[in-house]
Structures are given as C-alpha cells and as structure tokens.
Amino acid sequence: MDIQKLSTFGALKDYGYKSKSIKEELRQNLLKRIKNNEPAFEGIHGYENTVIPEVERAILSKHNINFLGLRGQAKTRLARMMVNLLDEYIPIVEGSEINDDPFRPISRYARELLEEQGDETPISWIHRNDRFFEKLATPDVTVADIIGDVDPIKAANLKLNYADDRVIHYGMIPRANRSIFVINELPDLQARIQVALFNILQEGDIQIRGFKLRLPLDMQFVFTANPEDYTNRGSIVTPLKDRIGSQILTHYPVDVKTAKKITHQEARLEPGQLEMVQVPELAKDLLEQISFEARDHEYVDSRSGISARLSITAFENLISTAERRGVKNGENKTLLRLGDFLGVIPSITGKIELVYEGEQEGSAMVAQELIGEAVKSLFPTMFPKIEKLQKPDAEDPYSEIVEWFFSESGFELLDETSDADYKKALDSIPALENLVNKYQPNVPEEDKYFLKEFVLWGLVEYKKLNKFRFSQGMQFKDMYGSYIEGLRNE
C-alpha cells in the first residue's frame, strides 16, 4: 500500500507507522547506506577521507553541525545533500504551521485538534525536499524573523488578548520543525540573535515577547562559517559554539586531479562548446594550477580563500574565448591555445582578495602573473627543468629554440588568427617540433600545438625568451636581442 494515501491519524496507527525524530531518520538511513556501501554525499570530491567521514560520525552521534571553512569549500552543498538521508515522506497534522507529528504534537492547534477529533484527525504528507530551510545570516535579521513575534492582526481577527499564546506568529525556525535548518555565515549573525538560539538548541523552548513556550522542536541544525580570524564582521559567541555538537573543518582540493573533477562537474557548458573546442589535458591542469598558485602568492590574501568557483568560471571563459574565435573565423572545430588563457583574467580578478602590494600592482597584472606562475610550475613536469645556473659545456635542450629567436627578428601569435595560420606559425620553428617529439612522444597529435606554445611561455617564465603583449596578440623575442634593441631605441 502507498503509505502517503493514508489520510487520518487512525489509519496511520492501524498501518503500524512508527514516528521517528529527524536525527533518528538521518542516523538510520545513513547506516543503511554505509551497510550497502552506497555513498551518502555523491558528487563531493576530495572529502572522501577527511570531511565526509566526520560528517557521517556527527550524524550517527545525532549532533548539530558547524562547517568551518573558507569560501567555495562546498559547505552549503554538504548541508543540502543531507536531505537525501531523510525519509521520503513524513505525516503531519493537517493545517499545522509547524509540521506537528500526530504522535507527538507540540503546538496548541495540533493538541486541541487531536483531542477533539481523535483517530479522525486529518493528516497530510510532506516530501523530504520540503524539509530543508536555509537562512543567510545578515545584520538585518531579527529575533522575530527566526523565532517569532506577537501578531496584533491575528489578535484582532480572533478577538484574543495579548496574554493568549494564539496571538504568536511563528518565525522561520519553528516553521522548520522536523526539518534541516541551515544558517549560512553564522558569525555575521548579531550576537543577540545568536543568544536567542541557545534554548532551542539545548532546552527545547522558545521565548517570544514574554511568552515562554515549551516547544521541543525536532530539528537538525547545520551552520556554516568562515574562520574567525578572517571574518571581521563578527564571531560565533562561545556559549553557542558549546551547544553545537560537531565542528567540522572543510578544505580545498589537495591536488590538481581532484580539482579537475570538481570543475568538470560544475562548469555550465553547452554540449556544442566542448564538441567545437579541442581541450588538451595540459590546459585543464594549467587552469587548476592557477588556483593553487593564488593560494600561496605573496600578493593574494590567503586568509580570504580562493573559491573553487574561480576554476569553474575560468574554465567556462576559457572555452568561450576559443569558441568566439572559431566562430569569427568560420571554423566548426578549433584548437584551444595558451593565449586563450588571457580570456580568463575577468574570472580571476573578481575572486581574489589582494594585499596592499597586490592592490598597487593591480588585479589584472596579478592575474597575468598567476597564469605565468602556473606555467612555470607545470613546465618541469613536461620538459627538462631549466636551471638558473648551468655549466658552459652542459647540454641545453632549449638552445636550438633560443638560437632561432636570436637569428630572427621576432615571432608573433595573433589572438584572432585561424587555426591554419596558428599552426603554420608554430611549425615555422623546427626546434619546437623536435623538442615536443623527443620529450612528449605520446601526446595526441591535435594537442602538440598547445605544447609548442606552452614551451614558448615556459621559456619566457624561465627568462630564456621575452614576451610582449600588443593589441592583436603576443610577440616573442630572444632576451639578448630585445636588450640590444632597447639600447638602440634610447
């Protein structure tokens, strides 16, 4: 029998339905998943051996949870995914404002209805997706918003005096009874509002305008917060911390491989975009490396964090940059180029907080520097390391390339040039082809041109070549020749 077809309290009892608290629901359903070796938080990457086991232990312990971590660390997503551990449907007393359990009514309305109608009391069913409530903590949040207040209009309509508890209008938390309630950015909540949560978390009663109601709310609270040493707008008051069962520290992906999984999963791309743009694996690695460089860069305020959204939006911009060029050139398919990474700068500048020295440099310049640092970090993983000091007779795999630039006046790669002209330009340097074939012989043929350009950028970062940006693209020159030309122009 389909249980949600039951419509009265008596039918529910005859069916043998057993009422459970929300924490018991979460615990039992999680235990089933663990027993069946099913993931409880599917799609959360990088937390398999750290955060997720801690969340599962907190749920099994029936704790309220505080996720403490920097921005873009999937704190809210973890909270939202807890909904999947709830029973699909639960019964409530029909018409109840606070989702009263017919077996354990707590509101005056539900108790009186059950006393009056007994087994004929009508019930309704709510789906687990309707049992998730979320509130962003902002300075304008009031006690009335989250706990409740006296409603003079209700008092007038019902002809009640203010001593009657029926004049109360319940706030967000009582209305979320038997649900998961999330407060994001808890430190931003004013201290006096945090104090209002004390009794709900521990004693199970609420106080509204002189009314002290015994309301043992059945709630799973989840809070999210940035570390207090970063959040200057406030902090979590100590007694509230004490009432939260488990505080779980989140973190950023620890390796590029995990970060790529997250970006690929979250990026919002049209199917046609990826069909049109050929994206080398190295380009994906390079994109993620930008975030890793930013987290350690001297110009970036590491305390503010570098959100995973940086890589996600940068990947979207990267693909769109190549797509735009391909469409302008009338091409059905185009190669991603390293020069396209300049198109991701708008995705970087809005997502990094700079220290004073970084502000002096400018966010766009810092973004370009991060791209260069990412190239420099990945270069030794693909080609022989370039030492700062080398013996005069030491073999240098890059000397042939550098000599080509010394003998030529310059080399340009234009932003809007067609794929055919782009390939032709890179093919004009035979030493590039030889280097790529020697050290990366197994790379797919369609990715070789990205690697050739990657070599040029790497030689720039290691001070073997110079790179100049002009309105239509980039020019590469040898270091010594550029220096001589500079002297001539003085």
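Residues numbered from 1 in each chain as written. Predicted model: local features only at pLDDT ≥ 70, side-chain atom pairs only at ≥ 80, totals over all residues. Heavy atoms only, no water.

1. Describing the packing of helix 12 (residues 256-266) against helix 14 (residues 281-296)
How two helices pack is summed up by the angle between their axes together with the distance between the axes.
Step number 1: Packing of helix 12 against helix 14 leaves a shortest axis separation of 9 Å and a crossing angle of 100 degrees. The angle between helix 12 and helix 14 falls in the class roughly perpendicular. Touching V256, A259, K260 and T263 of helix 12 are E281, K284, D285, L287, E288, Q289 and F292, all from helix 14.
Step number 2: When the residues that make up the contact of helix 12 with helix 14 are grouped by side-chain class, the tally is four nonpolar, two polar and five charged. (Axes fitted to C-alpha atoms, helices over the stretch in contact; angles between N-to-C directions. Helix = DSSP H or I, 4+ residues; strand = E, 2+ residues; numbered from the N terminus. Parallel < 35°, antiparallel > 145°, perpendicular 65-115°, else oblique. Contact = heavy atoms within 4.5 Å. Nonpolar A, V, L, I, M, F, W, Y, C, P; charged D, E, K, R; others polar.)

2. Notes on the sheet that holds strand 16 (residues 473-478)
Sheet strands pair by backbone hydrogen bonding; their relative direction is either parallel or antiparallel.
Step number 1: The three strands are arranged 14-16-15 in an open sheet whose pairing can be described as antiparallel. What marks the edges here is a single partner per strand, and that holds for strand 14 (411-414) and strand 15 (465-470). Sheet twist, expressed as the average angle between the axes of neighbouring strands with direction ignored, equals 20 degrees.
Step number 2: For strand 15 and strand 16, the ladder comprises six bridges, and the chain directions are antiparallel. Across the sheet, the residue bridging to F470 is G473, located in strand 16.
Step number 3: Running over the sheet, helix 19 (residues 399-407) touches strand 14, strand 15 and strand 16 and is turned about 100 degrees from strand 16.
Step number 4: Contacting strand 14, strand 15 and strand 16, helix 22 (residues 448-461) crosses the sheet at an angle of about 105 degrees to strand 15. (Pairing = 2+ DSSP bridges.)

3. Things to note about the side chain of Q273
Step number 1: Along the chain, Q273 falls in helix 13 (residues 271-276).
Step number 2: A distance of 2.9 Å separates a polar side-chain atom of Q273 from the backbone nitrogen of E270.
Step number 3: In contact with Q273, not counting residues within four places along its chain, are I319, S320 and E323. (Polar contact = N/O pair within 3.5 Å; in protein donor to acceptor, adjacent residues only side chain to side chain.)

4. Notes on the sheet that holds strand 7 (residues 180-184)
Step number 1: The strand order across the open sheet built from five strands is 4-7-10-1-11, with neighbouring strands paired in parallel fashion. Only two strands of the sheet have a single neighbouring strand rather than two, namely strand 4 (132-136) and strand 11 (246-249). In this sheet, neighbouring strand axes are inclined to one another by 20 degrees on average, regardless of whether the strands run parallel or antiparallel.
Step number 2: Docked against the sheet, helix 3 (residues 51-60) engages strand 1 (65-68) and strand 11, running at close to 170 degrees with respect to strand 11.

5. A word on empty space enclosed by the protein
Step number 1: Under the definition given, this model contains one cavity of 30 Å³ or more.
Step number 2: Residue lining of the largest cavity: P253, A259, I262, T263, E288, S291, F292, R295, A308, S311 and I312, and that is the complete set.
Step number 3: Looking at the lining of the largest cavity, the elements with two or more residues in it are helix 12, helix 14 and helix 15 (308-328).
Step number 4: Ranked by residues supplied to the lining of the largest cavity, first place goes to helix 14 with four residues.
Step number 5: Among the residues making up the lining of the largest cavity, the classes are represented as six nonpolar, three polar and two charged. (1 Å grid on protein atoms, 1.4 Å probe; cavity = no way out; pocket = protein on both sides within 12 Å on 5 of 7 lines; lining within 4 Å. Points joined across faces, edges and corners; volume = space filled by probe spheres on them.)

6. Some thoughts on the side chain of D301
Step number 1: Among the secondary structure elements, D301 is positioned in the loop between helix 14 and helix 15.
Step number 2: In this structure D301 touches E353, L354 and V355, once residues within four positions along its chain are discounted.

7. What about helix 21 (residues 430-439)?
Step number 1: Among the residues making up helix 21, those that are buried are A431, L432, L435 and V436. Down the axis of helix 21, the smallest arc covering the buried residues is 130 degrees, so these residues share one side.
Step number 2: Looking at the buried positions of helix 21, the neighbouring elements they touch are helix 19, helix 20 (419-427) and helix 22. (Buried < 20%, exposed > 50% of the residue type's maximum accessible area, 1.4 Å probe, protein only. Arc of directions from axis to C-beta.)

8. Here's the deal with the layout of surface pockets
Step number 1: Volume-wise, the largest pocket comes out at about 740 Å³.
Step number 2: Looking at the largest pocket, it is lined by 30 residues, and the ones nearest its centre are G72, Q73, A74, R77 and R309.
Step number 3: If you list the elements that add at least two residues to the lining of the largest pocket, you get helix 4 (75-81), helix 12 and helix 15.
Step number 4: With five residues, helix 15 is the largest single contributor of residues to the lining of the largest pocket.
Step number 5: Of the residues that constitute the lining of the largest pocket, the class distribution is eight nonpolar, 12 polar and 10 charged.
Step number 6: Lining of the second largest pocket is provided by 19 residues; of these, Q368, E369, V460, E461 and K467 occupy positions nearest its centre.
Step number 7: Elements with a contribution of two residues or more to the lining of the second largest pocket: helix 18 (363-382), helix 22 and strand 15.
Step number 8: When residues of the lining of the second largest pocket are assigned to their parent elements, the largest contribution, seven residues, is made by helix 18.

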